[in-house]
Amino acid sequence: MSAGPLVVEIICTCCLAAFLLHRYGDLRKQNILTTLTTFISWYFSFLIIFVLPLDVSSTFYRQCLQDKAPKILTTTTTTTLKPVNVTNTSDTSTILSSAVPSSPALQGLNNVPVPLCQVPLSHVPENVLPTLWQVVYWTSQLLTWIILPIMQSYSTAGDFTVAGKIKTALIENAIYYGSYLLIFGVILIYVVAKADLQVDAERLKVIGITASNTWGLFLLILLLGYGLVEVPRSVYNSSKKGFVLSKTYFKISKLSTEKTEADEALEDVLDCPETMRHAVPQNNDDYEDYNRSSIDIPSEKTLVRLHKRVIQDSQNHHRTHAQWNSLMQKAIDLEDVERNEQSSITKFQRSQHSSSMMPAFVRVFYTPEIEWYWRCKVYFWVMRVCGVILAVVTFMVVWSECLFFVKDPILSLFAVFINAAKHNYDYVFIELSSILTIAYLCFCAYYSIFQIRILNLYYIAPHHQTDEFSLMFTGMMLCRLTPPMCLNFLGLIHLDSHITKEDNIEETSYTKIMGHMDVISFISDGFNIYFPIILVLLCICTFFSLGSRILHFLGVQQFIGDDDMTQELVDEGRQIVQREKRNRDRKLDSAERRREWTEKFGATSRSSDRVIGPRTDRERAREKETVARSPDENDKTELLKEAEPIDYTGELSSAADTDFSQGYQRSSTLRSNRFGSRTSNAPPRGIFDDV
């Protein structure tokens, strides 16, 4: 018995949650309350995933003690103990003798071998895990149903005071909470109406847990029906050369429209405060002036609505640009891989736009030669093998979900493997397989959430690009889906006595806290019937891309490989990437020329600034305001800049050249004499012949 593994898992889970929050969130910019609540929700959800296998192994150990204790009692009652000098013992000591035999002479008289129950290395006292589950579960439920929804509404509220933001958040969540209270009331009336059920405080708590788990399990069905098929397929498709690049082009083409709309929406909403500022006269500095004024003054509600629009459009603008930069960088990296595959040099050569975010000590081992063999040769085979393995795991999950309620014979594959390890006392295999299975289910479910992107409101992007709204949404979904998902896993391995219908089975501490789904009969009976059917149907529809084809038929652009519209969008995305690379090249060239000019003629620039005078910030702002932005500016200027320069050398006469050069020299001389700062040599003739 040691608490070492439990302490190690608690610390490692804490470090994992902190690392992911640092990778996806911006700790310096986001609110401290958002960081704290998101960290707790992620940490407690991961803690359930990693600590539940320890509870499973401890449960098997207690089950072993329970199964072998009655055999010892029977043999001791039918055997005469007088010839052996054995003191009288109580029932408790007799039960404990199942783990450690009291005397070798006793075994010799009974001639009954007493197998020992091996204690798991991660076994802890019986009161530790129930206390831990109480704290973790109820804290996560408080976060997912009350605190995080209110904080989400608070972050998007347009009020200018804390009290106003809280009031708006409560009003927005009133409908949200009202719907759940209505469902809970209907369930409560149904329970009270049944004659064989008595309602008390403990029963109400179980009903609340059951309602939360039922909602989570039905949502889990929809998410797993998509993720269990799409995750292996996406991994396997990544091994196809050119497939991922074409799909990235397609996404860029679709996102370009959203990016343009987000930019225009933000510009429009930012023009509204300036219009309102000009609408208010500058001399209206008193409340009476506002009352007597005939000008339409914006009210506080109008300003609140405008502020909310600014917040929402800013979040949408940040989301689209973060996704745009991520997809663009991915497309550039994939193009580098495609170019290096066709090269005869076995060294990976990166373009100047590719991402090389690797520490120096990694570059010592991950040389360009190793990178070429990995990314151009080995990577595709590894992804293909991983895709096949994940497809096998998906088949095992679907098979077990369909047949987990069949107890004789045991048809759930996970239950077969776990029971075999239980008889061999292989607690390490039990814990590792449980962690991997729960983690795979969680990954498939959360992959579906961010692939579907409900109304494009939520996204998760690395390199500190995820906003607070999406971070709180991920924490809320983790706390809401992880507990019922773990309860479903316990049913898969037949550790739920109300599913296997066995009375002598030992339940986990997690199940004792969570309860069972048989408080309401039509939920407990119907769930075992309709859950497998719905899951299999959703998996079949996802496998044949039925949803994408229906949306494509209705006019929503979807990636369908054998479609002309898809190919047009792929070609458009390829052109967008090429334009973006040329724009970046021009920016880099401009920055390089500016740096060289500053290094060579830094003194000249400073002297001209002293004579002419530097521009103030107000003048720069005025120049920006006077120049209107056109949505087609980038494309038009790019076409003009790509045009070949026209040579007018033949059309210029020698006299014009002489006059022009002399005029330049005269103007240069006059300017030099006027400012009297320095003299320079005359420029060579024909310096502007190509203009």
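Here is what the cut-offs are and how they apply
- Residues numbered from 1 in each chain as written.
- Predicted model: local features only at pLDDT ≥ 70, side-chain atom pairs only at ≥ 80, totals over all residues.
- Heavy atoms only, no water.
- UniProt positions renumbered as here; feature names shortened; annotations may be inferred.
- Helix = DSSP H or I, 4+ residues; strand = E, 2+ residues; numbered from the N terminus.
- Buried < 20%, exposed > 50% of the residue type's maximum accessible area, 1.4 Å probe, protein only.
- Contact = heavy atoms within 4.5 Å.
- Areas by Shrake-Rupley, 256 points an atom, 1.4 Å probe, with all protein chains shown as cover.
- Phe/Tyr/Trp six-rings, centres within 6.5 Å; stacked < 30°, edge-to-face > 60°.
- Axes fitted to C-alpha atoms, helices over the stretch in contact; angles between N-to-C directions.
- Parallel < 35°, antiparallel > 145°, perpendicular 65-115°, else oblique.
- Nonpolar A, V, L, I, M, F, W, Y, C, P; charged D, E, K, R; others polar.
- Disulfide = S-S within 2.5 Å.
- Arc of directions from axis to C-beta.
- Patch = residues over 30% accessible without salt bridge, like charges linked within 9 Å, V, L, I, M, F, W, Y side chains within 5 Å.
- Salt bridge = Lys/Arg side-chain N within 4 Å of Asp/Glu carboxyl O.
- Lys, Arg positive; Asp, Glu negative; His and termini not counted.
- Charge placed at Lys NZ, Arg CZ, Asp CG, Glu CD.

Per an unreviewed UniProt entry, the chain goes by the name LMBR1 domain-containing protein 2 and belongs to Magallana gigas. Recorded under Sequence similarities (unreviewed entry), the UniProt text for the chain is reproduced unchanged: "Belongs to the LIMR family."

A. Looking closely at the overall build of the chain. Secondary structure assignment for the chain yields 24 helices and 0 strands. Relative to its 691 residues, the chain shows a buried fraction of 36%. Within the chain, contacts between residues at least 6 apart in sequence are counted, and of these 76% link residues at least 24 apart. Only carbon and sulfur atoms are counted for the fraction: they give 61% of the accessible area of the chain, which is about 40,900 Å².

B. Molecular detail of the packing of aromatic side chains. Going through the model one piece at a time under the given rule, you end up with 14 aromatic pairs. Plain terms: the ring middles of Phe395 and Trp399 are 6.1 Å apart, the flat faces sit at 35° to each other, and that makes the pair tilted. Here Trp399 and Phe395 lie together in helix α12 (residues 368-403), a separation of 4 residues that amounts to about one turn. The class for Trp399 is partly exposed, based on a relative accessible area of 36%. The interplanar angle of 90° and the centroid separation of 5.1 Å between the aromatic rings of Phe543 and Phe544 together place this pair among those described as edge-to-face. Here Phe543 falls in the exposed class, since its relative accessible area comes to 53%.

C. The environment of Tyr180, seen in detail. Among the secondary structure elements, Tyr180 is positioned in helix α6 (residues 162-193). Residue class for Tyr180 comes out partly exposed when judged on its relative accessible area of 23%. The spacing of Tyr180 and Trp145 is 35 residues in sequence and 9.9 Å in space, taken between C-alpha atoms. When residues no more than four places from it in sequence are discounted, the contact partners of Tyr180 are Trp145, Trp215 and Arg480.

D. View of the environment of Cys12. Tracing the backbone shows Cys12 in helix α1 (residues 4-24). Residue class for Cys12 comes out partly exposed when judged on its relative accessible area of 46%. In the structure, Cys12 is positioned 35 residues away from Leu47 in sequence and 9.5 Å away in space, judged by C-alpha atoms.

E. Representation of the packing of α12 against helix α13 (residues 413-423) within the structure. In the contact formed by α12 and α13, the axes pass within 7 Å of each other and the chain directions differ by 95°. Classified by the angle their axes make, α12 and α13 are roughly perpendicular. Contacts between α12 and α13 involve Met396, Val397, Trp399 and Ser400 from the first element and Leu413, Phe414 and Phe417 from the second. Per-class residue counts for the contact of α12 with α13 are 6 nonpolar, 1 polar and no charged.

F. Focus on the state of the cysteines. Applying the stated rule across the entire model yields 1 disulfide. Paired through a disulfide, Cys64 and Cys117 show a sulfur-sulfur distance of 2.0 Å. Of note, the bridge from Cys64 to Cys117 carries an S-S torsion of about -80° and is left-handed in sense. Here Cys117 lies in the loop between α4 (104-110) and α5 (128-156) and Cys64 lies in helix α2 (residues 32-77), a separation of 53 residues in the sequence. Of the residues examined, Cys64 reaches a relative accessible area of 9% and is grouped as buried. Not engaged in a disulfide, the cysteine Cys12 finds its nearest cysteine sulfur in Cys15; these two sulfurs lie 6.4 Å apart. Cysteine Cys442 shares no disulfide, and the gap to the nearest cysteine sulfur, in Cys486, comes to 6.1 Å. The buried category is assigned to Cys442, whose relative accessible area is 4%.

G. How the structure looks around α13. Residues of α13 that are buried: Phe414, Ala415, Ile418, Asn419 and Ala421. Down the axis, α13 shows its buried residues gathered within 160° of arc, on one side only. Just beyond α13, the residue with positive phi is Tyr425, at close to 55°.

H. Just a negative patch on the surface, in detail. On the surface, Glu261, Glu264, Asp268 and Asp271 cluster together to form a negatively charged patch. For Asp268, a relative accessible area of 47% corresponds to the partly exposed category.

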